[in-house]
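# Structure assessment
One letter stands for each residue in the lines below.
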Amino acid sequence: MTSLPERGAAPPSDSSCQGDTVAAVASSSTSEQKEDSISKQSNTSILSSVFTPPFTIFEGQQNSSLPCEKKSPKTTSGSYVWSRILRRIVCSGSMWRLLGCNKVLTSSDVWFLGKCYTVSPEESSSDSDSDSGHAAFLEDFSSRIWITYRKGFDAISNSKLTSDVNWGCMVRSSQMLVAQALIFHHLGRSWRKPSQKPYNPEYIGVLHLFGDSEACAFSIHNLLQAGRSYGLAAGSWVGPYAMCRAWQTLIRTNREQAEVVNGKEIFPMALYIVSGDEDGERGGAPVVCIDVAAQLCCDFNQGQSTWSPILLLVPLVLGLDKINPRYIPLLKETFTFPQSLGILGGKPGTSTYIAGVQDDRALYLDPHDVQMAVNIAPDNLEADTSSYHCSIVRDLALDQIDPSLAIGFYCRDKDDFDDFCSRASELVEKANGAPLFTVVQSIQPSKQMYNEDDGLGCSGDSMANNDNLDGSGEAGEEEWQIL
């Protein structure tokens, strides 16, 4: 994969993924899970006895607003010394074999949400403290917000469902992507979950938004309500396009209510749903219009011309039954963008949150674990947040990804957006006539993509690329189906 350099200073699931214990890596294949089922029980006792506080592998950063810094050799803290020793032990191949874990990661670079990690299965002790090594990647991965199936919450709307098991994976995957955007906005890309309480109020505030009740702004209850016109309903599975539109409606509703109640923005950024050419009626690669983004930021700032943070969601259909192989290198390269928020995607009918790539594999957080419903109060800085983090990295072959997906990007300011557009334009040049999306300065009136009435950058109803995706030379009607 051709990689682009990073700009500036700023890369699921098993019930055992909870807590601040050792980060492990496991394959997503069913056969490998069966082989490890016996060893996992014995490993639990090993982990609980070896990794007991204060002897944690990863130390939380005291100042979350600063980028990751290499530990000073002058540090004399006893807990830090022990954490270094344990980190070296865990990063050794013998320790992984002792724990019975199947290591997904190879010696190739990992691109994870815009950050590159150089990893090695047999990482030496001198490398284990590196900010770009295996342990650093696992610390980053386990700090991401993990949202899964829940049970035991209040019934959704008029249904009797108190769980989203077996149908809510797309909703949960989308919640994870948006949660990362909020974490990046409030705490920065270099933030890692601290090992000690009390937690940062911004971190707790983000988790509160995704609780499982109508009182939580971005709960599954409210997302389903907002997406009814796009087919979202309790007990039904939906695709990425409908999910992006549901977020559009929910954020607009919350913004209107905030203006009435107290004027506070729950969602502190503009939202741009990037859609296809000619209002999406005849396919075509989605078009990021710079003027549209500027207008959205202006509207978010209530008429001021200053640029605001912006979240871009780009729904795509990159094939029929299978993803067209020509798009895979392009998808991989989007993870090198510093603005990367990953992909809503997975196997057909099984949504996941893809947050990284290595070689021909996608690394993801899996929403399919079932946990009890948790609603974290926004002022509870001592809350148990272990169910929102996972240490197990699962992988999926990129050519097995469902062709219906959505890519997310977060741009903090105008410079960040300009850098995103520059990288996206370079990606178009590498696409050989079949880009994922394109970038233009403005659009013609006949191809107006921005509707001032909705104020969120709607731009059409079909997300497919105008390309003979099935390799037949003809584009069938089903090819442009909204998923």
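Throughout what follows, the structure given in this document is the object of discussion. (Residues numbered from 1 in each chain as written. Predicted model: local features only at pLDDT ≥ 70, side-chain atom pairs only at ≥ 80, totals over all residues. Heavy atoms only, no water.)

So, about the packing of aromatic side chains. One pass over the full model with this rule turns up 17 aromatic pairs. Linked through ring pairs, Trp 307, Phe 337, Phe 409, Phe 417, Phe 420 and Phe 437 together constitute an aromatic cluster. Above the face of the Tyr 117 ring, Lys 115 is positioned so that its terminal group lies 5.5 Å from the ring centre. Its end group placed over the ring of Tyr 388, Arg 150 keeps NZ or CZ at 4.9 Å from the ring centre. (Phe/Tyr/Trp six-rings, centres within 6.5 Å; stacked < 30°, edge-to-face > 60°. Lys NZ or Arg CZ within 6 Å of the ring centre and 35° of its normal.)

Let us now look at helix H4 (residues 134–143). In terms of burial, H4 is a largely internal element, 10 of the 10 residues being buried. Among all positions of H4, only His 134, Ala 135, Ala 136, Phe 137, Leu 138, Glu 139, Asp 140, Phe 141, Ser 142 and Ser 143 are buried. (Buried < 20%, exposed > 50% of the residue type's maximum accessible area, 1.4 Å probe, protein only. Helix = DSSP H or I, 4+ residues; strand = E, 2+ residues; numbered from the N terminus.)

Moving on, we come to the environment of Asn 324. Position of Asn 324 among the secondary structure elements: in the loop between strand S6 (310–317) and helix H10 (328–334). Along the backbone, Asn 324 and Asp 399 are 75 residues apart, and their C-alpha atoms lie at a distance of 8.1 Å.

This part takes up the pattern of salt bridges. Applying the stated criterion to the full structure yields 10 salt bridges. Residues Lys 430 and Glu 333 are paired through a salt bridge, measuring 2.7 Å at the closest nitrogen-oxygen approach. Of this pair, Lys 430 sits in the loop between helix H11 (414–429) and strand S13 (438–440) while Glu 333 sits in helix H10; the two residues are 97 residues apart in sequence, bridging distant segments of the chain. Ionic pairing is found between Arg 361 and Asp 395, a salt bridge with its closest N-O pair at 2.7 Å. With a gap of 34 residues between them, Arg 361 in strand S9 (residues 361–365) and Asp 395 in strand S11 (residues 394–397) connect regions that are remote in the sequence. Where salt bridges share partners, they join Asp 140, Arg 144, Arg 189 and Arg 192 into one cluster. (Salt bridge = Lys/Arg side-chain N within 4 Å of Asp/Glu carboxyl O.)

Read these as spatial facts, not as claims about activity.
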